Amino acid sequence: MPGRTLHIDWTRCDARGSCIELLPELLRRDNWGYPLARTGSEFAVPAHLDDAAEDAVNLCPVLALRFTAPVRG
Amino acid sequence: MSEALWALGRGTGVVALVLMTITVVLGILTRSGRPAFGMPRFAVTLVHRNSALIGTVFILIHIVSLLFDPYAQLNLIDYFVPFVGAYRPFWLGLGAVAFDLIIAIVVTSLLRRSIGQRAFRVVHWATYAMWPIALFHAIGTGTDASSGLFILLALACFSAVAGSVIWRLSTHFQLRGATRLDRRIDPSRIAPAPEVKEIQ
């Protein structure tokens, strides 16, 4: 399964922090509690973290996370 | 047999009350954005969701088992339309109102992604009406209402939810990043620089 891409919707994100706990490999907390990814609002999820990413999408209390089109290659 | 169904109906009702109490408390904790009871934030949300679903299953068992009770002689319509039944119409009607609200809350929660956050949240607020209505239903209809143990349990549930709601309304409810909280405080009152430990 090719890795998918997660998108953070900043108009919705409320710094609740669930995604940071579920994807510590990809996200860290900024000074205000918001998730910080290396590549900004969109970041690739390696296949072995796909389940955790799925949980992060489903458990975001404000629906601020979603999968976008799969990454090619 | 009917005795067994009666006992099942009563027992599942009491268990549902406890599960819904846990659900409400964990829902408020989820909203606060804090880890709690040794669980990380996402786990608080998960347990909130699961205890709600298990509580709903208990309510379904509660309802179906009492459908066959020969004394109350309930009709299907009594479960959905309040205050029309022959048996304790007011107290049973409260149960019907709570059940209708639960259906709405659970369905909108499961469809959160399709109906959108706003509709989900508006309906989810109905929980604050549903829980007290369900509690009144339990105290009023409950054959166990006169038992001291049940009163104790109802009191414990009430304290848990009331305490959570008071906390929910308090100023210090919201906690996200350490600095985010500090930004709400008058800067002149925080003489030393706020500690930021989370990012190195």
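Everything below is about the structure printed above this text.
Below or above, wherever it landed, is the structure these notes cover. (Residues numbered from 1 in each chain as written. Chains lettered and ligands numbered in written order. Predicted model: local features only at pLDDT ≥ 70, side-chain atom pairs only at ≥ 80, totals over all residues.)

**Considering the overall build of chain B**
- Looking only at helices and strands, chain B features 9 helices and 0 strands.
- Taken from N to C terminus, the helices and strands of chain B fall in the order α-α-α-α-α-α-α-α-α.
- Within chain B, contacts between residues at least 6 apart in sequence are counted, and of these 56% link residues at least 24 apart. (Helix = DSSP H or I, 4+ residues; strand = E, 2+ residues; numbered from the N terminus. Contact = placed C-beta atoms within 7 Å.)

**Describing the overall build of chain A**
- When helices and strands are tallied, chain A shows 2 helices and 5 strands.
- Secondary structure of chain A in N-to-C order comes out as β-α-β-β-β-α-β.
- Classification of the 73 residues of chain A by burial places 30% in the buried group.
- Partitioning the intrachain contacts of chain A with sequence separation of at least 6 by distance along the chain shows that 69% fall at a separation of at least 24. (Buried ≥ 20, exposed ≤ 12 C-beta atoms within 10 Å, placed from the backbone.)

**As for the environment of L63 of chain A**
- In this structure, L63 of chain A sits in the loop between α2 (50-59) and β5 (65-68).
- Ignoring anything within four residues of it in the chain, the contact list for L63 of chain A reads R12 of chain A together with R112, R113 and Q117 of chain B.

**Concerning the nonpolar core**
- With 31 residues, the main nonpolar core has M20, V25, A98, M130 and A134 of chain B as its most contacted residues.
- Sorting elements by how many residues they give to this core places helix α1 (residues 2-32) of chain B first, with 10 residues.
- With near-sequence residues (within four places) excluded, M130 of chain B lies in contact with A98, L101, I102 and I105 of chain B.
- L6, I8, L22 and A56 of chain A belong to the second largest nonpolar core, which has 16 residues in total. (Core = buried A, V, L, I, M, F, W, Y, C linked by C-beta atoms within 7 Å.)

**Here we look at the packing of helix α4 (residues 89-110) of chain B against helix α7 (residues 127-141) of chain B**
Residues and elements named next belong to chain B.
- Between α4 and α7, whose axes approach to 8 Å, the crossing angle comes to 150°. Taken together, the axes of α4 and α7 lie roughly antiparallel to each other. Both α4 and α7 take part in a crossing whose hand is left-handed. Touching W91, L92, L94, G95, V97, A98, L101, I102 and I105 of α4 are T127, A129, M130, I133, A134, F136, H137, G140 and T141, all from α7.
- Here the residues of the contact of α4 with α7 are counted per class, giving 13 nonpolar, 5 polar and no charged. (Axes fitted to C-alpha atoms, helices over the stretch in contact; angles between N-to-C directions. Parallel < 35°, antiparallel > 145°, perpendicular 65-115°, else oblique. Left-handed = near helix turned anticlockwise from the far one by under 90°. Nonpolar A, V, L, I, M, F, W, Y, C, P; charged D, E, K, R; others polar.)

**Some words on unusual backbone geometry**
- Although it is not a glycine, L63 of chain A adopts a positive phi angle of roughly 55°.
- The backbone phi angle of F37 of chain B is positive, close to 50°, even though this residue is not glycine.

**Focus on the pairing of strand β1 (residues 4-8) of chain A**
- Pairing between β1 of chain A and strand β4 (residues 42-45) of chain A: 4 bridges, direction antiparallel. Residue pairing for β4 of chain A: H7 of chain A is matched across the bridge by E42 of chain A. (Pairing = 2+ DSSP bridges.)

**Thoughts on the sheet that holds β5 of chain A**
Residue and element names in this part refer to chain A.
- Ordered in space as β4-β1-β5, the 3 strands form an open sheet in which the pairing is antiparallel. Two strands close off the open sheet at either side, each with one partner strand: β4 and β5. Across the sheet, the mean angle separating the axes of adjacent strands is 35° when strand polarity is ignored.
- Bridge analysis of β1 against β5 gives 4 bridges, and the strand direction is antiparallel. Bridged to I8 within β5 is L65.
- Against the sheet, α2 makes contact with β1, β4 and β5, and its axis sits at roughly 130° relative to β5, the strand it touches most.

**Points about helix α8 (residues 148-169) of chain B**
Residues and elements named next belong to chain B.
- With 22 residues, α8 extends 31 Å from end C-alpha to end C-alpha; this agrees with the ideal 32 Å at 1.5 Å per step.
- Of all the positions in α8, only A154, C157, V161 and S164 are classed as buried. Looking down the long axis of α8, one finds its buried residues gathered within 100° of arc, a one-sided arrangement. Residues G148, L152, L155, A156, S159, A162, G163, I166 and L169 are exposed on α8 and point more than 90 degrees away from its buried face. (Expected span 1.5 Å × (residues − 1). Arc of directions from axis to C-beta.)

**Here's the deal with the environment of V81 of chain B**
- Looking at the element boundaries, V81 of chain B is found in the loop between α3 (76-80) and α4.
- Each C-alpha atom of the pair V81 of chain B and I151 of chain B lies 28 Å from the other, and the pair is 70 residues apart in sequence.

**Focus: the packing of α1 of chain B against helix α2 (residues 41-67) of chain B**
Residues and elements named next belong to chain B.
- Packing of α1 against α2 leaves a shortest axis separation of 7 Å and a crossing angle of 160°. Between α1 and α2, the crossing angle belongs to the class labelled roughly antiparallel. Every pair of crossing elements has a handedness; the one defined by α1 and α2 is left-handed.
- Considered class by class, the residues forming the contact of α1 with α2 number 17 nonpolar, 12 polar and no charged.

**Focus: the environment of C157 of chain B**
All names here are of chain B.
- In this structure, C157 sits in helix α8.
- Residues C157 and L60, 97 residues apart in the sequence, show an inter-C-alpha distance of 21 Å.
- In this structure C157 touches L17, V18, T21 and L135, once residues within four positions along its chain are discounted.

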